[in-house]
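Fold and geometry: a report
In case you want the letters, here they are:
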Amino acid sequence: MAKITPKDNLMRLVGGGHPEYVPVYTMMGEPYLGEAADVFINAPIFKDTSFQGGTDMWGVPYKQASSGTNAMMPDTGFHLFEDIADWSKSIKFPEALPVNELDWHGMYENSLKMFHVDREQSAVKCGPGLGPFQELVAMMGFDNGLMALYTDPEEVKAMFMAMVDYLEPYYTRLIDEFKPDLWYMLDDTCAKETPFFSPAIYEEVFLPVYHRLAKPANDRGIPIVFHNCGKVDEFIPFMLDFGVKILEPMQETNDIPSLKEQYRGKLGLVGGWDWGVRIPKNYPEYDEEEFRQGVRDVIDYDAPGGAYGFLGWPISYPGDPVCAEITRIMRDEAHWYGRKVYGYTGD
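What comes next concerns the included structure. (Residues numbered from 1 in each chain as written. Predicted model: local features only at pLDDT ≥ 70, side-chain atom pairs only at ≥ 80, totals over all residues. Heavy atoms only, no water.)

Next up on the list: the sheet that holds strand β1 (residues 38–40). What the seven strands build is an open sheet, ordered β1-β4-β5-β6-β7-β8-β9; its pairing is parallel. If you trace the sheet from one side to the other, it starts and ends with β1 and β9 (308–311), each paired once. Direction aside, neighbouring strands of the sheet carry axes that sit 25° apart on average. (Pairing = 2+ DSSP bridges. Helix = DSSP H or I, 4+ residues; strand = E, 2+ residues; numbered from the N terminus. Axes fitted to C-alpha atoms, helices over the stretch in contact; angles between N-to-C directions.)

Here it is, written out as structure tokens:
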């Protein structure tokens, strides 16, 4: 079997194809053994310091999660507004230079340099930068956001459409200047066992918004990757409707083999390994062989027939002495074992 680049192997997942070996998908582009199948890059158009504990581009403050992880999350003590009817008086549209005054070429070159991107080897992802549901609950709080969807879905949709109206010229120019291999959209609309709201709400409120966010990619024939944590099966038909070709992170609550069969030839699925399920019982103590076997078990279960890529992401507290090594072991096993299951001999 001839050698294939990590990029070309990953791109075989588009629409549920069969890669030559199980791709190791990274979300942000963290390489292993010099290999990164995908890298996310973006243009720093809007002021956003949420990853450093500042505010996002809409003015919502972020702080380190109380669980002790390194993740920055919306400050739950802050509400931009309490009543969805007040969104137009309260929402802070982000500040940015006009589209035509931005140095698009410079931003593109800087992103490639910052993330050490070789476009022959890695698929480049970028996207519109709006997760509507996540932004709704960040602005209003979870309870208020869910109640707004139930009591006044049209007003929620009006807010989303206003946000898209503002962003659309920027992300349309972004896709033309960066020419990504994949268009990356995201919105965490599901909990571990069930969605946060009904398919009817998804269809009424969210589907029209996602269609607009997806349109530049669909118009240009660029495949869409969609990130949606939790149990997503009820929403997959809508995702196919707005053009999703790869869905991640597909937590273990989803039955990946069953969904692959149901959507054969339409959708590639990435994930299958949950830290919440796979964390060693006596962590930070662990047995390396048992841990590696857990990676093999996931691949053995999810990989047959193709249309699958591996994704796992151990998360721990700051200063954890073993998390980095756990992550290395996980990626090492996925990298090498993922080459065995389809009989790849290109290395």
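Attention now moves to the layout of surface pockets. Its volume calculated, the second largest pocket comes out at about 250 Å³. Along the wall of the second largest pocket there are 14 residues; nearest its centre are R278, P280, K281, E290 and F291. Listed by contribution, the elements that provide at least two residues to the lining of the second largest pocket are α10 (275–278) and α11 (288–302). If you tally residues by element for the lining of the second largest pocket, the top one is α11, at four residues. Within the lining of the second largest pocket, the residues separate by chemical class into six nonpolar, two polar and six charged. (1 Å grid on protein atoms, 1.4 Å probe; cavity = no way out; pocket = protein on both sides within 12 Å on 5 of 7 lines; lining within 4 Å. Points joined across faces, edges and corners; volume = space filled by probe spheres on them. Nonpolar A, V, L, I, M, F, W, Y, C, P; charged D, E, K, R; others polar.)

Moving on: helix α4 (residues 132–140). Counting buried residues along α4, eight of its nine residues qualify, which places the element largely inside the surrounding structure. Buried within α4 we find P132, F133, E135, L136, V137, A138, M139 and M140. Against β2 (62–64), β3 (72–74), α5 (142–151), α6 (153–178) and α7 (199–220) lie the buried residues of α4. (Buried < 20%, exposed > 50% of the residue type's maximum accessible area, 1.4 Å probe, protein only. Contact = heavy atoms within 4.5 Å.)

Of all five residues in strand β5 (residues 182–186), four are buried; the element is thus mostly enclosed. As paired strands, strand β4 (residues 123–126) and β5 are joined by two bridges and run parallel to one another. Following the sheet pairing, K125 is matched in β5 by L182. Two strands pair when backbone bridges link them, and β5 and strand β6 (residues 224–227) are joined in this way by four bridges, in the parallel orientation. The partner of W183 across the bridge, within β6, is I224. In the classification by handedness, the crossover that spans β5, the intervening α7 and the parallel β6 is right-handed. (Right-handed = clockwise from strand over helix to strand, strands pointing away.)

In the structure shown here, the tally under the stated rule is 25 salt bridges. E333 serves as the salt-bridge partner of R292, at 2.7 Å between the closest nitrogen and oxygen. Here the residue R292 occupies a position in helix α11, and E333 occupies one in helix α12 (residues 323–340), the gap between them amounting to 41 residues. Here R292 and E333 have matching classes, each one buried. (Salt bridge = Lys/Arg side-chain N within 4 Å of Asp/Glu carboxyl O.)

On to empty space enclosed by the protein. If you roll a probe as big as a water molecule over the atoms, it shows you where there is empty space left. One pass over the full model with this rule turns up two cavities of 30 Å³ or more. V24, T26, E30, Y32, E35, A36, A37, R331 and H335 together form the lining of the largest cavity. Its residues assigned to classes, the lining of the largest cavity shows four nonpolar, two polar and three charged. In this model, the second largest cavity occupies a volume close to 30 Å³. The wall of the second largest cavity is formed by V24, Y25, F310, L311, G312, M330 and R331. Every element with two or more residues in the lining of the second largest cavity is listed here: β9 and α12. Within the lining of the second largest cavity, the residues separate by chemical class into five nonpolar, one polar and one charged.

Turning to its location among the elements, T253 is positioned in the loop between β7 (244–248) and α9 (256–262). At 2.8 Å, the side chain of T253 forms a polar contact with the backbone oxygen of K192. Separated by 3.4 Å, the side chains of T253 and E193 make a polar contact. Setting aside anything within four residues of it in sequence, one finds T253 in contact with K192, E193, G230, K231 and D274. (Polar contact = N/O pair within 3.5 Å; in protein donor to acceptor, adjacent residues only side chain to side chain.)

In short, shape yes, function no, at least from these values alone.
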